[in-house]
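Structural overview for review
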Amino acid sequence: MHDSNAAPRVYDILAKVFTQEGVTDCFALLGDANMNWATRLKEQGCRLTYVRHEHCAVAAAMAYARKTQGIGVASVTCGPGVTQLMTSLPAAARAHLPLVVFAGEAPLKSGWYNQGIDQAPMVTATGAAYHSLHFPERMPVAIRDAFLQARIERRPVVLGIPFDLQNRPWEGPVELPEPSHQIAPRQYALPPAADELEAAVNLVSKSKRVVVFAGMGAVEAQAGDACRELAAKTGGVLTTTLPARGLFHDDPFCIGITGSFSTEVGLECVKEADLIIAVGASLAFHAGGGGQLWPNAQVLHIDLEPAAISQAQHVAQHHMRADALAGTEQLAAALPPSNSTWRDENLAEQIRTRPADSATFDVEPDLLDPRDAVAALEATLPDEWEMVNSSGHCSAFFAQMPSRTQERFLTIREFGAIGNGTSFAMGVAAARPDSKVVLFDGDGSLLMNIQELETISRHGMNILIVVMNDGAYGSEVHKLRSEGLAEEGSVFGYADFADIAKGFGLDGHTITDVAQIPDLVETFKSSPRGAVWDMRVSDKVVSRITRQAHPQRK
Ligand SMILES: Cc1ncc(C[n+]2csc(CCOP(=O)(O)OP(=O)(O)O)c2C)c(N)n1
Ligand SMILES: [Mg+2]
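This text gives an overview of the structure that appears in the document. What you see is a predicted model, and the numbers here were worked out from it, not measured in a lab.

This part takes up the sheet that holds strand β7 (residues 210-214). Read across the sheet, six strands follow the order β9-β8-β7-β10-β11-β14 without closing on themselves; strand pairing throughout is parallel. The open sheet terminates on both sides in strands that have one partner only, identified here as β9 (254-257) and β14 (318-321). Strand-to-strand twist of the sheet, defined as the mean angle between neighbouring strand axes without regard to direction, takes the value 20°. Alignment of strand β11 (residues 298-303) against β14, held across four bridges, turns out to be parallel. Bridge assignment links Asp 303 to a residue of β14, and that residue is Arg 321. Of the strands in this sheet, β10 (275-279), β11 and β14 are in contact with helix α10 (residues 194-205), which crosses β14 at around 140°.

Now for the environment of Asn 389. With respect to the helices and strands, Asn 389 occurs in strand β15 (residues 386-389). Given a relative accessible area of 4%, Asn 389 falls into the buried group. In the structure, Asn 389 is positioned 283 residues away from Ala 106 in sequence and 37 Å away in space, judged by C-alpha atoms. Not counting chain neighbours up to four residues away, the residues in contact with Asn 389 comprise Phe 398, Ala 399, Phe 409, Leu 410, Thr 411 and Phe 440.

Let us look at the sheet that holds strand β16 (residues 409-410). Here we have six strands laid out as an open sheet, ordered β16-β15-β17-β18-β20-β19, and parallel in their pairing. Two strands lie at the open edges of the sheet, namely β16 and β19 (507-511), each paired on one side alone. Bridge count between strand β18 (residues 463-469) and strand β20 (residues 531-536): six bridges; the pairing is parallel. Within β20, the residue paired with Leu 464 across the bridge is Ala 531.

What counts as what
Residues numbered from 1 in each chain as written. Chains lettered and ligands numbered in written order. Predicted model: local features only at pLDDT ≥ 70, side-chain atom pairs only at ≥ 80, totals over all residues. Heavy atoms only, no water. Pairing = 2+ DSSP bridges. Helix = DSSP H or I, 4+ residues; strand = E, 2+ residues; numbered from the N terminus. Axes fitted to C-alpha atoms, helices over the stretch in contact; angles between N-to-C directions. Contact = heavy atoms within 4.5 Å. Buried < 20%, exposed > 50% of the residue type's maximum accessible area, 1.4 Å probe, protein only.

The following block contains the structure:
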């Protein structure tokens, strides 16, 4: 245990600065360059989740940051600890997630160190910021500034601190610097400028078929009700991006996600639209189908950073710079009543009753249609469980759970990497320790970081992993088949996840019939452990977006 009378070392003070920043959770994998600091941080009351791969420390911190709307903190050792982050850091940077990563650096005192590598260019290439801290007395201020930078720039900030410096006696001031929240500029809901509001009112008043399209900016600004009001005032419909899905889950005129995972009704609606009001959405390529989804619509972008060009597409012709809440509220309030006839009982019924995708496939009798599996999960899983969606072809099916709220949902997809599901679920579990967490993942993605089942088990996290096991890299299979190419590198057979789970100390079940699900829900409800459900699904069912993007070659 720590001798409180011992003269403090630099790492003691650095841990205190993190504690003073309000850090209550840190995801870490220890090595020479972070273990002393991390041990002190834990002694000061921070909860440490010790993962089995550094990638997963940062990925878990990403989900934690998203869920708490705070700063995620992770820690890795120098050299190989840092090089493991080359997939998670870009993912965090592109998703605009504020993180502070305490990384070591090789010791300065020796001319050579086997784990030494030039960390800065690798980290900055990912879009994260990198600061080498080489002057102990200034490190507390530099750490405080890193928290400020992460929050303001909404990206990861990596701190490289040579571990020989961390271990030196502290010779700096006794007083710690003021924490970042005390010096940060005030945040407030930026109202629209009068001329932009007036132009927006004119534009919207002239439109007959309005779609209010909300992204994470609308979620974070708590603009859900204001968007509903705006849609009602225009007689239009509501939709969201994939990460914001569920924001309007109980609105009869919500057409679900718009983008790769649109429903059939949703596609028809946006095709008919003459105006898309994008609220707090970055208008990413996939959200608009590369500009194909709404051929007849103008776009009004309400955002703190309204865009003309996004991801190389001309996405919006009209702009209103404002906070999502203030902008949407003021626009709704200023609009005259609409005479649009779009909203009617017929449309509501179509939204309520038509399947997301009505295509039919020849499914093997002993395997599940992924759509039936998801419908059964949707009907059975309790509303209050946190949901985490991962990646792969199966994510198109898992996205169709329209009764679930945004509040209890998380997906982070900006870098398009598989293998993050377990980490994201751990981040959510840490952020919401009193909730059960359900992860929906593919077999390939889960296997990519399967070692984290041990972390889930060891930390007693109450995570249920539902694997859509098609025995394959489904995304690749369907693309290879559409090209008429051999599928060999993408079909591996059905790994037995129930046994794998048990080997890691979790519960494991194989699901071959959706009728098993209600009993398994009851079992998990009363279980303190994590569990894996291995759902055996057919690889014959191809999602709409894959069929469209990769039609069968004639
Ligand atoms: C890190 C990384 N490696 C490879 C890929 C390419 N990739 C995209 S989806 C996918 C298959 C995922 O398989 P699985 O998790 O089983 O989901 P499925 O597509 O079968 O539903 C692969 C390999 C990727 N996106 N990210
Ligand atoms: Mg698969």
